[in-house]
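Summary of the model geometry
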There are 2 protein chains.
Amino acid sequence: MSTCKNHKISIDEALKKAEIICNKKGVKLTKLRQKVLTLILKNHGYVKAYDLLNDLKKNDASAKPPTVYRSLDFLMEHGFIHKIQSLNAFVGCSHPDEHEDCYFLICKECKNIEECCSNTVKKVLTSTSGKNNFSPNQVTLEITGICQDCS
Amino acid sequence: MSTCKNHKISIDEALKKAEIICNKKGVKLTKLRQKVLTLILKNHGYVKAYDLLNDLKKNDASAKPPTVYRSLDFLMEHGFIHKIQSLNAFVGCSHPDEHEDCYFLICKECKNIEECCSNTVKKVLTSTSGKNNFSPNQVTLEITGICQDCS
DNA sequence: AACTATTATGTTATATTATAACATTCATTT
DNA sequence: AAATGAATGTTATAATATAACATAATAGTT
Ligand SMILES: [Zn+2]
Ligand SMILES: [Zn+2]
Ligand SMILES: [Zn+2]
Ligand SMILES: [Zn+2]
C-alpha cells in the first residue's frame, strides 16, 4: 500500500457532501449510514461487507448482516459507494453527484482502486452497444492490473 | 426468451472444438468436464453453479459443490466458458481460442448474453489505462440492458 | 506387470456472501 | 396523542464458494 491518492477529499468533506445530497433528495443519512460510509471511506482500498460488520460490532455488538447490507444498499442507491463485482467488495465514490458510467482500476498488488470517468470510454461503449442494437442501462467495467506506484 | 442467436455453433461443434484445443494444450476434457460444458452450452442464457450441480445430481447423486466448481475452474482457465461477475453466473464462450478482452451484453429481459469482441473497445481501454499509468491485466466489462429482440 | 508420479475426483466440512420475514423503534405528520 | 411510514433489530436461512484430506484413475518408468 503506497501513497494515498484517493484521499484528495477528506472523509469529513465527503460526509458533508453526502449530507447535502441527501437533503436535496429528501432522504436521510442516518447515524448508522454515516458510520458505514465513514468505515468505507477510511479504507483506501476496498472493503468487504463482513469486515464492515466486524467493525460495526466493535461499537455495537448487536450488529448483524442486514445492518450492514441495508446501509450498503442505501449508500449504493445514492451513489456514495460502489460495489466492485469482481471482488464482492465496496469502495467509496470519489465524486458522488457528478459521476455516471465510471470504471475502476484495481491494483492487485496494493489493492488500491482508482475510480475513473472517461467520455471516450462511455462513447465507445454506447456506440458498440448500438452496433449490436443493444440499449445499455448499466455498465460494469473493472480493470485489474498493476498501478503506477507498484510497477 | 426469443430466438437463439448464440447457437450459431452447435453444442457438438463446440465440444469438438474444445476437445481439439485441449489436445493441443495437453490437458484433458474429461467426461465430467464435458458434461458440465454441455450443460452450460445447452442453456442459451447464463447458468448458476448450483443449478448445474442440481443437473449433475440427476445423473450422479454424489455430485457436490467441488464437483462443479472444479470443472468450472478448468473450463474458465481454458476459455471454454466465462464467469459473469455481476450475476455470479457462467456462460459458454462463443469463440474459444480466438478471443481476448471480450465483453458481454446482458439482456435483463430475456436473460440472453451476447459475447462480443471489439478492437476499438480494447484500444480505448488500454489507452485510458495507460493515461492513468496503469498496466491492465484482466478486464471485466459487462453491459446490462435490453437487447434488440426485447426492445 | 509393478512402481511411481501426477492429475482428477470423491467426500466432509466449513467459509463467505447475501436475503427473507417478521418485530420493534423512531421520526414525522395529523 | 394517534397514526403513518421509514429505519433498525432480530432470527433464520439462502446462495455462493473453498479448504482439506481421501481415493481413484492415468500416464509414464522400471
Ligand atoms: Zn462514483
Ligand atoms: Zn498498486
Ligand atoms: Zn469467450
Ligand atoms: Zn432480450
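Keep in mind it's a predicted model, so treat the numbers as computed, not measured.

Now for the overall build of chain A. A tally of regular secondary structure across chain A gives five helices and five strands. In sequence order, the secondary structure elements of chain A are arranged as α-α-α-α-β-β-β-β-α-β. Relative to its length of 151 residues, chain A is compact, with a C-alpha radius of gyration of 16 Å against a globular reference of 15 Å. For chain A, buried positions account for 43% of its 151 residues. Considering only residue pairs separated by 6 or more positions, chain A has 51% of its internal contacts joining residues 24 or more positions apart. Roughly 8100 Å² of accessible area belongs to chain A as shown, and the carbon and sulfur atoms make up 49% of that amount. Placing the 22 positive and 17 negative side-chain charges of chain A at their respective mean positions leaves the two points 3 Å apart.

Turning next to the relation of the copies chain B and chain A. You can overlay chain B on chain A at an RMSD of 0.0 Å; the transform is a turn of 180 degrees with a shift of 0.0 Å along its axis. Taken together, the turn and the small shift mark the pair as related by a two-fold rotation axis. Of every C-alpha in chain B, the one belonging to L141(B) sits nearest the axis of rotation, 2.3 Å from it. A shared interface surface links the copies, since 100% of the contact residues of chain B are contact residues in chain A too.

A few words now on the coordination of the zinc ion (ligand 3). Residues and elements named next belong to chain B. Around the zinc ion (ligand 3), the donor atoms from the protein are H82 (NE2), C93 (SG) and E115 (OE), and they sit 1.9 to 2.2 Å away. As a motif over one chain, the donors of the zinc ion (ligand 3) read H-x10-C-x21-E. Of this pair, H82 sits in strand β1 (residues 81-84) while C93 sits in the loop between β2 (89-92) and β3 (102-107), placing them eleven residues apart in sequence. You'll find H82 and C93 in the same group, each marked buried.

Turning next to the protein's contact with DNA strand C. Contacts to DNA strand C come from 16 residues, most closely from K48(A), Y50(A), K83(A), T30(B) and R70(B). By atom count, sugar and phosphate contribute 44% of the portion of DNA strand C lying within 4 Å of the protein. At 3.0 Å, a side-chain N or O of Y69(A) approaches a phosphate oxygen of DNA strand C. Of all elements in the fold, only α4 (65-77) of chain A together with α2 (31-42) and α4 (65-77) of chain B reach the threshold of two or more residues within the surface near DNA strand C. Among the elements that make up the surface near DNA strand C, the one with the highest residue count is α4(A) (four residues). A breakdown of the residues in the surface near DNA strand C according to their chemical character gives six nonpolar, four polar and six charged.

As a further point, take the protein's contact with DNA strand D. Near DNA strand D there are 17 residues, and of these T30(A), R70(A), K48(B), Y50(B) and K83(B) occur at the shortest range. Considering the 4 Å shell around the protein, atoms of DNA strand D inside it are sugar or phosphate in 44% of instances. The contact in question runs from a phosphate oxygen of DNA strand D to an N or O atom on the side chain of T30(A), over 2.6 Å. For DNA strand D, a phosphate oxygen lies 3.3 Å from a polar atom in the side chain of R33(A). Elements with a minimum of two residues in the surface near DNA strand D: α2 (31-42) and α4 of chain A together with α4 of chain B. Among the elements that make up the surface near DNA strand D, the one with the highest residue count is α4(B) (four residues). The residue inventory of the surface near DNA strand D, partitioned by class, reads six nonpolar, four polar and seven charged.

Below, the discussion takes up the interface of chain B and chain A. A common way to report how large an interface is uses the accessible area buried once the components associate. Tallying the contact residues gives 32 residues for chain B and 32 residues for chain A. Both sides of the chain B and chain A interface together cover about 2700 Å² of buried area, and 59% of this is carbon and sulfur. Scanning the region where chain B abuts chain A turns up zero salt bridges. Across the contact surface, chain B and chain A share twelve residue pairs in polar contact (both at pLDDT 80 or more). Mapped by element, the contributors of at least two residues to the side of chain B that touches chain A are β3, α5 (119-131) and β5 (135-146) of chain B. In terms of residue count, the dominant contributor to the side of chain B that touches chain A is β5(B) (twelve residues). Classifying every residue of the side of chain B that touches chain A gives 15 nonpolar, 15 polar and two charged. Two elements, strand β5 (residues 135-146) of chain A and β5(B), share eleven bridges in a ladder whose sense is antiparallel. By the bridge assignment, I143(A) is partnered in β5(B) with V139(B).

Structurally, S118(B) is set in the loop between β4 (113-117) and α5. With relative accessibility at 14%, the residue S118(B) sits in the buried group. Among the polar contacts made by the side chain of S118(B), one reaches the main-chain amide nitrogen of T120(B) at a distance of 3.2 Å. Not counting chain neighbours up to four residues away, the residues in contact with S118(B) comprise T128(A) and Y103(B).

Calculation criteria
In this numbering scheme, every chain counts its residues from 1 along its sequence in written order. The lettering of chains begins at A and the numbering of ligands begins at 1, in the order of writing. Confidence filtering applies because this is a predicted model: local features only for residues at pLDDT of at least 70, side-chain atom pairs given and counted only at 80 or more, and all residues used for totals across whole chains, interfaces and linings. Working from all heavy atoms in the structure, the side-chain values ignore hydrogens and water. Per the convention used, a helix needs a DSSP run of H or I reaching at least four residues, while a strand needs a run of E reaching at least two, with both numbered from the N terminus. Based on C-alpha atoms, the radius of gyration is set beside the globule rule, defined as 2.2 Å times the residue count to the power 0.38. Think of it in three bands: with a 1.4 Å probe and only protein chains considered, a residue is buried below 20% of the maximum accessible area for its type, exposed above 50%, and partly exposed in between. Whether two residues touch is decided by their heavy atoms; if any such pair falls within 4.5 Å, the residues are in contact. Here, Shrake-Rupley sampling with a 1.4 Å probe gives the accessible areas, and only protein chains in the shown set may cover a residue. Neither His nor the chain ends is counted toward charge; the positive residues are Lys and Arg and the negative residues Asp and Glu. Charged groups are reduced to one reference atom each: NZ for lysine, CZ for arginine, CG for aspartic acid, CD for glutamic acid. Least squares is used to superpose the copies, and the fit set is the C-alpha atoms of residues whose pLDDT is at least 70 in both copies. Coordination partners: N, O, S within 2.8 Å of the metal, 3.2 Å for Na, K and Ca; water not considered, so apparent gaps in a site are possible. Proximity is defined per residue: if any heavy atom of the residue lies within 4 Å of a molecule or strand, that residue is considered near it. Distance and chemistry together define a polar contact, namely a pair of N or O atoms within 3.5 Å, with one atom able to donate a hydrogen and the other to accept it when in protein, and with adjacent residues in sequence counting only for side-chain atoms on both sides. Put simply, Ala, Val, Leu, Ile, Met, Phe, Trp, Tyr, Cys and Pro go in the nonpolar bin, Asp, Glu, Lys and Arg in the charged bin, and everything else, Gly too, in the polar bin. Defined in terms of a 1.4 Å probe, buried area is the accessible area two parts forfeit on being brought together, summed over both. Put simply, a salt bridge is a Lys or Arg side-chain nitrogen that is within 4 Å of an Asp or Glu carboxyl oxygen. Whether two strands pair depends on DSSP finding at least two bridges between them.

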